[in-house]
Structures are given as structure tokens and as C-alpha cells.
Amino acid sequence: MLILIAEDDELILRTIEHKLVKEGHTVILTRNGKDAIEKISELDLDLVVTDIMMPFASGIEILSAILSLGKKTPVIVLSSMGQEEVVIDAFGLGASDFMVKPFSPNELLLRIKRLTSK
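The model shown is predicted, which means the values in this text are computed figures rather than measured ones.

Undergrad: How do you make sense of the pairing of strand E1 (residues 2-6) when you look at a structure like this?
TA: For a regular strand, the rule is simple: side chains alternate between the two faces of the sheet. Counting buried residues along E1, five of its five residues qualify, which places the element largely inside the surrounding structure. Along E1, one buried face is formed by Leu2, Leu4 and Ala6 and the opposite face, lined by Ile3 and Ile5, is buried too. The pairing of E1 with strand E2 (residues 26-30) spans five bridges and is classified as parallel. Bridging from a neighbouring strand, Leu4 pairs with Ile28 of E2. What joins E1 to E2 is helix H1 (residues 10-22), and the crossover it makes is right-handed.

Set out below in C-alpha cells:
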């Protein structure tokens, strides 16, 4: 599977990357929303994992871009506590799942398997 990770926190980015590569997935890393949107428009991705708060474009803007491109790519949104309104907006724009930081990489892997085994 080809999975894009959009996360500006280097430690979280590398942790997710390590876990997914270990499971045999191909991973594309982006550290800001603008780069993520470019990759999403260029590639046929199986899944996107995105943070909400990122430089240049937010996770909400990434979800909007996926919607406007007509793609059906599942998206797992990562966010800090206390952003309930943003989470509601994310689901309204087609987010498939949501996880609060900090989160368990093993739980993320389970959620990815659930979304991609359909």
C-alpha cells in the first residue's frame, strides 16, 4: 500500500514511518500541507494520515483538496486535544477516522488495517 503521512512533528513523522515500513507499506513523507496536497494530486494513494495543524496548509485544507479532486482516499486525521470543532469539520469534509495526540502507533496501525481491508 502507498500511504502519505502529512505531519510537521519530526518525531511523530518518523515513528509512523517506521511502523508502516516495518509492516511492508510504501510511505511518502510530507512536512507541510502544501507538499501533501501536491503529492495527493500527483499520486494514486491508498491512504492519507494527516495532522490538522501544519505549515502552509492545514489538514482541513488537505481534506478539501481530496474532495475537490474527486478522490475517495481514506484519511486518518491526527490532532491535539481540545479541537472538537476542527474534528467535526474534518468528518464533514470526508475524514475516515480521527486520533488524538499522543496516540499509540499500534492503534494507528490497527485503524489503517481496518480502513484498507474493505
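Undergrad: I'm lost on the nonpolar core in this one. Help?
TA: Note that soluble globular proteins tend to have their nonpolar side chains buried in a common cluster. One finds Leu4, Leu45, Val48, Ile62, Leu63 and Val77 to be the most contacted residues of the largest nonpolar core, which totals 20 residues. Counting only elements with at least two residues in this core, the list comes to E1, helix H2 (33-42), helix H3 (59-68), strand E4 (75-79) and helix H4 (84-92). Per-element accounting of this core gives the leading share, four residues, to H3. When neighbours within four sequence positions are excluded, Val48 is seen to be in contact with Leu4, Ile40, Ile66, Thr73, Pro74, Val75 and Ile76. In terms of nonpolar packing, the next biggest core, distinct from the first, is built from 18 residues, Leu13, Ile16, Leu108 and Leu115 among them.

Undergrad: So what exactly am I meant to see when it comes to the pattern of salt bridges here?
TA: Two side chains that carry opposite charge are able to pair once their charged atoms sit near each other. Tallied over the full model, the rule gives 10 salt bridges. For Lys101, the salt bridge identified is with Glu7, shortest N-O distance 3.1 Å. Of this pair, Lys101 sits in the loop between strand E5 (97-100) and helix H5 (105-116) while Glu7 sits in the loop between E1 and H1; the two residues are 94 residues apart in sequence, bridging distant segments of the chain. Note on accessibility: Lys101 and Glu7 belong to one class, buried. A salt bridge links Glu23 to Lys113, with the nearest nitrogen and oxygen atoms 3.8 Å apart. Taken as a pair, Glu23 in the loop between H1 and E2 and Lys113 in helix H5 lie far apart in primary sequence, 90 residues in all. Relative accessible area serves as the criterion here: at 36%, Glu23 is assigned to the partly exposed category. Three or more residues are tied together by salt bridges with common partners; here these are Glu10, Arg14, Glu17 and Arg31.

Undergrad: Quick question: what am I supposed to make of the packing of H2 against H3 here?
TA: Two quantities define a packed helix pair, namely the angle between the axes and the distance from one axis to the other. Where H2 meets H3, the axes come as close as 9 Å, and the angle between the chain directions of the two elements is 15°. Overall, the two elements H2 and H3 adopt an arrangement that is roughly parallel. Note that H2 runs across H3; the crossing there is right-handed. Note on element contacts: H3 touches H2 through Glu61, Ile62, Ala65 and Ile66, opposite Gly33, Ala36, Ile37 and Ile40. By residue class, the composition of the contact of H2 with H3 is six nonpolar, one polar and one charged.

Undergrad: What is the right way to look at unusual backbone geometry in this model?
TA: Glycine aside, residues mostly have negative phi angles, and peptide bonds mostly take the trans form. For the bond running from Lys101 to Pro102, omega is -10°, close enough to zero to count as cis. If you trace the backbone, Pro102 turns up in the loop between E5 and H5. We note that Phe56 has phi near 70°; this positive angle belongs to a residue other than glycine. Here Phe56 is to be found in the loop between strand E3 (47-51) and H3. Assessed through its relative accessible area of 68%, Phe56 is described here as exposed.

Basis of the calculations
- Residues numbered from 1 in each chain as written.
- Predicted model: local features only at pLDDT ≥ 70, side-chain atom pairs only at ≥ 80, totals over all residues.
- Heavy atoms only, no water.
- Buried < 20%, exposed > 50% of the residue type's maximum accessible area, 1.4 Å probe, protein only.
- Helix = DSSP H or I, 4+ residues; strand = E, 2+ residues; numbered from the N terminus.
- Pairing = 2+ DSSP bridges.
- Right-handed = clockwise from strand over helix to strand, strands pointing away.
- Core = buried A, V, L, I, M, F, W, Y, C linked by side-chain atoms within 4.5 Å.
- Contact = heavy atoms within 4.5 Å.
- Salt bridge = Lys/Arg side-chain N within 4 Å of Asp/Glu carboxyl O.
- Axes fitted to C-alpha atoms, helices over the stretch in contact; angles between N-to-C directions.
- Parallel < 35°, antiparallel > 145°, perpendicular 65-115°, else oblique.
- Left-handed = near helix turned anticlockwise from the far one by under 90°.
- Nonpolar A, V, L, I, M, F, W, Y, C, P; charged D, E, K, R; others polar.

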